[in-house]
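Chain residues, written in single-letter form:
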Amino acid sequence: MPANLPPEYFETEKKLKTAKTISEKIEILEKLLSIVPKHKGTEKLQAVLKRKISKLRDQQQKKSATARRGPIFHIERSGAAQLILIGPPNSGKSQVLNSLTNAYSEVADYPYSTKKPVPGMMPFKDIKIQLIDTPPIGEEYIEPWLPELIKLADAVLLVVDLNDDDLLSQIDTIFQKLKEKKIELVGSIKENTETNFFLKKTMIIGNKFDQQQAKENFKILKELFEKDFLIFPYSAKEKTNSEELKEKIYNFLDLIRVYSKVPGKKPDLNEPFVFKKGSTIMDMAERIHKDFARNLKYARVWNKNNLNGLKVTKDYLLQEEDIVELHI
């Protein structure tokens, strides 16, 4: 047995004898792996722990494969959009969720502390956007239900640890693991793209930007991925630019907020309608009621671009913060 193992290691090791489930054993082994000092004298012990974890994960995956098909978890959609947070172990996804929403997802210094999806609502101006924290994607394992959640979401936030020298290989692992599940992460989705994959629009959040190696690794990340993906440096721990990140996420989703106005009354500026960019007056009429769409004659629009009650047709493209008065 290598020397210099802390007392915490042996206390944690005792728990293996009473662990009953595969998940409990994996969690304890991962905790042991995080406790082991990283030097040459412990390399064999690290390898043994990793092999045990890998073997247990294989057993867990085989057990999951024989279980009932379909997603184990279904998260009811809420807010203006639904985004899935994914990433490698210890990237800080849970910390990102906690820093942007009113939710709490457990934060730990060992991998795979998140066992199930944790939703939270991110406030942005007068709307809310749903974020869902998920278990990490590693080289050895991906939760069997996670790909289905990713497919159903509006977009993906890929959270990486900028202080980790292995972040590029971790990103590559995630891309490959999802491709095996017929999911491809892309920076944008072009119309009429023919593919056998589920294309999921993805933004990369470089977390732990406050750490020592983060700035250098961020430069490398930008050089390799900036042409294809929106990348944002962030410290979930410090939360110094959380409002800027919220705005980046909102713009990344290509959403617009539009307010309604009843003829002869003041506009309702408390609860906007949320549409995708490219939506029209007719889309708004259909959202309100099918009778509006059927009987709509025209609309009037007020906005920050000096439109002051301008009469517009049904195919007018809605803009951010338009105030719309429908006439039937």
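Further up the page is the structure itself.
The structure reproduced in this document is the subject of the present report. Just so it is clear, the structure is predicted and the values come from calculations on it, not from any experiment.

Membership of the largest hydrophobic core comes to 29 residues, with the highest contact counts inside it found for Ile86, Leu178 and Leu221. Residue assignment for this core shows that the elements contributing at least two residues are strand S1 (82-86), helix H5 (146-152), strand S4 (155-161), helix H6 (167-180), strand S5 (183-186) and helix H7 (214-225). Ranked by the residues each element gives to this core, the list is headed by H6, at five residues. Apart from residues no more than four positions distant in its own chain, Ile86 is found in contact with Lys93, Thr134, Ile137, Ile150, Val156, Leu157, Leu158, Val159, Ile174, Leu178 and Leu185. Formed by 28 residues, the second largest nonpolar core is a distinct cluster that contains Val96, Leu97, Ala155 and Ala236.

On to the sheet that holds strand S8 (residues 255-260). Strand order in the open sheet made by the five strands is S9-S8-S12-S10-S11, with mixed pairing throughout. What marks the edges here is a single partner per strand, and that holds for strand S9 (268-276) and strand S11 (308-312). Averaged over all pairs of adjacent strands, the angle between their axes in this sheet comes to 35°, without regard to strand direction. Bridge analysis of strand S10 (residues 298-302) against strand S12 (residues 322-327) gives five bridges, and the strand direction is antiparallel. Within S12, the position partnered with Arg300 by the bridge is Glu325.

We now examine H6. Here H6 is 14 residues long and its end C-alpha atoms lie 20 Å apart, about the 20 Å a rise of 1.5 Å per residue gives. By the burial criterion, the buried members of H6 are Leu167, Gln170, Ile171, Thr173, Ile174, Phe175, Lys177 and Leu178. Looking one or two residues beyond H6, the residue adopting positive phi is Lys182, at roughly 65°.

About the criteria used
Residues numbered from 1 in each chain as written. Predicted model: local features only at pLDDT ≥ 70, side-chain atom pairs only at ≥ 80, totals over all residues. Heavy atoms only, no water. Core = buried A, V, L, I, M, F, W, Y, C linked by side-chain atoms within 4.5 Å. Buried < 20%, exposed > 50% of the residue type's maximum accessible area, 1.4 Å probe, protein only. Helix = DSSP H or I, 4+ residues; strand = E, 2+ residues; numbered from the N terminus. Contact = heavy atoms within 4.5 Å. Pairing = 2+ DSSP bridges. Axes fitted to C-alpha atoms, helices over the stretch in contact; angles between N-to-C directions. Expected span 1.5 Å × (residues − 1).

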